[in-house]
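The lines below spell out each chain.
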Amino acid sequence: MNQENRTKVGIIMGSKSDLPVMQDAIEVLKKLGVAFEVSIVSAHRTPERMYDYAKSAATRGLKVIIAGAGGAAHLPGMVASITHLPVIGVPVKSSNSIDGWDSVLSILQMPNGIPVATVALNAAKNAGILAAQILATSSEDLAAAVLAFKADLKAKVEETAEEVENMKF
């Protein structure tokens, strides 16, 4: 396996119930050809597992970690406190959530020195795109794939704009 295909992004979440949201990050990374791994790492129920995951991430070849969490949503911040790698937090609106705001604020309000890039509520797709953009700073092939992805987004908007403009109201 060449260096370009080695796992570069870790996708973690507090529980399997977060997987439907985090699936969007998985899909965009697949589309862009970025290798990734996926795991359940709970900050509250498995703190040792979380610590081991974050501590070993860089030596295992990861370059970026996407961490999704709902409720108190401590996973992204705790992981960021352990590793030097960039961590992208995905606030997840969970069943015990206060309309998702608890998750957003828990991930967003990190103390100085422990940054977590935070995407919108349930916006794992954006986390996947951001992870790819970070990696693309050192990969011309990935940069081209990200640019093509964004060009496709632009084309879709222009296509729907034309459809709407040609509608009879």
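Just so it is clear, the structure is predicted and the values come from calculations on it, not from any experiment.

Visitor: I would appreciate a short explanation of the packing of helix 2 (residues 47-56) against helix 3 (residues 75-82) in the present structure.
Guide: Helix-helix packing is characterised by the crossing angle of the two axes and by the distance between the axes. Closest axis-to-axis distance for the helix 2/helix 3 pair is 8 Å, and the angle between their directions is 50°. If you check the angle between helix 2 and helix 3, you find them oblique. In the packing of helix 2 onto helix 3, the handedness of the crossing is right-handed. Where helix 2 abuts helix 3, its residues Met50, Tyr51, Ala54 and Lys55 lie against Leu75, Met78, Val79 and Ile82. A breakdown of the residues in the contact of helix 2 with helix 3 according to their chemical character gives seven nonpolar, no polar and one charged.

Visitor: I would appreciate a short explanation of the sheet that holds strand 4 (residues 87-92) in the present structure.
Guide: In a beta sheet, neighbouring strands are held together by backbone hydrogen bonds and run either parallel or antiparallel to one another. Spatially, the five strands line up as an open sheet ordered 2-1-3-4-5, and their pairing is parallel. The sheet terminates laterally at strand 2 (36-40) and strand 5 (117-118), the two strands that pair on one side only. Of the pairings in the sheet, the one linking strand 4 to strand 5 comprises two bridges and is parallel in character. Bridged to Gly89 within strand 5 is Thr118.

Definitions and cut-offs
- Residues numbered from 1 in each chain as written.
- Predicted model: local features only at pLDDT ≥ 70, side-chain atom pairs only at ≥ 80, totals over all residues.
- Heavy atoms only, no water.
- Axes fitted to C-alpha atoms, helices over the stretch in contact; angles between N-to-C directions.
- Helix = DSSP H or I, 4+ residues; strand = E, 2+ residues; numbered from the N terminus.
- Parallel < 35°, antiparallel > 145°, perpendicular 65-115°, else oblique.
- Left-handed = near helix turned anticlockwise from the far one by under 90°.
- Contact = heavy atoms within 4.5 Å.
- Nonpolar A, V, L, I, M, F, W, Y, C, P; charged D, E, K, R; others polar.
- Pairing = 2+ DSSP bridges.

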